[in-house]
Structures are given as C-alpha cells and as structure tokens.
Amino acid sequence: MKILVTGGAGYVGSHTCVELLNAGFEVVVADDLSNSSELALRRIEKITGKRVLFYQVDLCHKTNMREIFEEEQIGAVVHCAGLKSVAESVILPLEYYYNHLASTLILCNTMQAYGVRNLVLCSSGRVYGMPEHIPVDEACPVGNNVTPYGRVMVMVEEILRDLHTADPRWKIMFMRFFNPVGAHPSGLIGESPSGTPNNLMPYITEVAVGEEKCVGIFGDDYPTPDGTCIRDYIHVCDVAKGLRMALQHILALPDDTTGLVDAYNLGTGQGHSVLELVHEFEKVVGHPIPYEIRQRRPGDIPVDYCDPSKAERELGWRAEHTIAEMCRDAYNWRRKNPKGFGN
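Residues numbered from 1 in each chain as written. Predicted model: local features only at pLDDT ≥ 70, side-chain atom pairs only at ≥ 80, totals over all residues. Heavy atoms only, no water.

A. Broad picture of the pairing of strand E2 (residues 26-31). With 5 of its 6 residues buried, E2 lies for the most part within the structure. Of the strand pairs in this sheet, strand E1 (residues 2-6) and E2 are connected by 5 bridges, and their pairing is parallel. Residue pairing across strands places Val-5 opposite Val-29, the latter belonging to E2. Regarding topology, helix H1 (residues 11-22) serves as the crossover connection from E1 to the parallel E2, and that connection is right-handed. By the bridge criterion, 5 bridges tie E2 to strand E3 (residues 52-56) in an arrangement that is parallel. Its bridge partner being in E3, Val-28 is matched across the sheet by Leu-53. (Buried < 20%, exposed > 50% of the residue type's maximum accessible area, 1.4 Å probe, protein only. Helix = DSSP H or I, 4+ residues; strand = E, 2+ residues; numbered from the N terminus. Pairing = 2+ DSSP bridges. Right-handed = clockwise from strand over helix to strand, strands pointing away.)

Quick look at the structure:
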C-alpha cells in the first residue's frame, strides 16, 4: 500500500518514512523543502534500501495535491507537514495559521474526493496549553493555549473531528507527541534547521561543536527544582514508531467498521529540566556546555510531561530510548553532518 507522508523530508517526517518503509509500505512524500532537504530522502533510501517517490509541492495549492492523488494509488496519509516552533509562532502568527489550516483543509478535501479516509495527524502536546493536571493524559482539556502554535493545532484537530462527524467512515488519529529530539542512530538523518535553531537540542549541539558560544536558557526562576522548565523529551525514532503503529491500527480495522477519531500522547512519561538536558549532553561530549540565563519566553509553561499509558494499552507502543541515547544520537548526527543537509 502507498502511504502519503506530507512533510516527509522534514525531521519527524523523514524518520517516519524509515519506519514505514521498513514495515513494508510504499512511501510517497509531499514536501515543499522550505525547511527541509531532498538529500534527506536520498539518505532514507540509503538506510532502508528502498525507493521513495517524491513530489516537491506546496500543500496549500489544490492542483498540487490533486496531481499526487491522480498519479498514485494512495491508501492512507500521515500528515507531518507544518511549521513547528512555539516561539516563532508568537512572532509570525499569520504564517502559522495559514500554513496549518490551509494545508489540512486542502489535503482533506483531496482525500475525500479520491475516497481516501485513513489519516494519522502529527499533532502536539501543545494542544493542552497550560495543562489542567500533570502528568497530562488524553482526558485533559485542550484549548487553554497562549501561543498561536498551540491554538492552531487545536483548530486542526477540531476540523478533523467535525469531518468525522459529517462522515463517520473516516479513521483519524491525533498523535500528540511532546518534545522530539535525537536522530537516527546511523547519523544519516536528523534535525537540520535553517539558520539559528529554535529548539533546545539542536542549539545544544551547535554549542557543543563550537558553532555557537553558549546555550540560551530562557528563565531560571520557574517553580521547578533547578528553576528551569521541565519537558517530556522523546527520541524522534520513538515518535516515528508511534506514527507507524497508529497507521497500522487504522488499517487493521475491517473495511465495514464505522470509522474512528481518537487521540494518543507520545512521550516518555518523565520530565527533564533544561539544565538536566544540558548536563546530560555534557556527559556525551566529555566537556562543559556553556550557557547563560535569559529572560523568559512568551508562552513557556513551567512543567509539561505526559501520561503515555493509553498508547501502550491500546496500540502496544511505548518509548524505548533513554535521555542519554537521545543526546548521543543528536551529537552523532551533528558530528557527521556539520552543516546538516547543507553539506
């Protein structure tokens, strides 16, 4: 079966392609390469020994999406495309709303026109906003958000819920992963942001190899043991495995079964502070990582980690990689690819 992976040349998307290809699926990638590289697709093929079909398209254009569905017999979609920086969304709200909403609406319209109703959405733990309780489970209310990124992901989920209500044949899963880090252990694919990294782990790796002077830590006066924010960091390969297992769960349902719409958290269920991550990385590289304390960022919350037991109970998924392995694989990727995919 052919699976369309939107944003398949990106960070999460590329690792998901590896999972799907290794599981025996054919993969079709749609990506505009605005924050990714076609080289990632060639690396995916090197890892798996299998071919990736690629369409360089803007998902916000109807004709682009129709071309793919016209040419390929798509059986399901894993929707990974979208802008992803919480901090950047505060500065560029219109770009974030347009990118996520337009691409999702056009994708679903096209899927509906071609009779494809199997969809796995790369959602985010940010939909919970300022969580009602910790650890965050799927019963925790969504929508209490202070950032455009969190708000637009809630909107996307609500659109898909309405779509399922209108046509219960749809089978949709929201995979709410928390903070993906690390890289494929081969060192062939990993996070390759354009310009100065917005996320913590790639910023730490830049400092570790001397490309940046120090890690900026935004606030050390939060109500946590060391004053820095606590997050649920999860290895990107564990995220990819969760997306693959969600897809397999959907496809295993009988054709005449009424569809579903459901949400699952993907995380380790453990919180680590920003300083903990820095110190863990120091163990991997064998030398201190300089850092400086800066002002808090808008939208940051003190503590955010999830309860992933529903995914283990219903999908058989659980995170396997440790925080040390996350740091090791991120550093391995950075050492082997000093300029990311820009080598």
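B. How the structure looks around the sheet that holds strand E9 (residues 230-231). Spatial strand order, E12-E9-E14: 3 strands in an open sheet with mixed pairing. This sheet does not close on itself; its edge strands, each paired only once, are strand E12 (272-273) and strand E14 (303-304). The pairing of E9 with E12 spans 2 bridges and is classified as antiparallel. Among the inter-strand pairings, Ile-230 is bridged to a residue of E12, identified as Ser-273.

Just distances and angles here, no functional claims.
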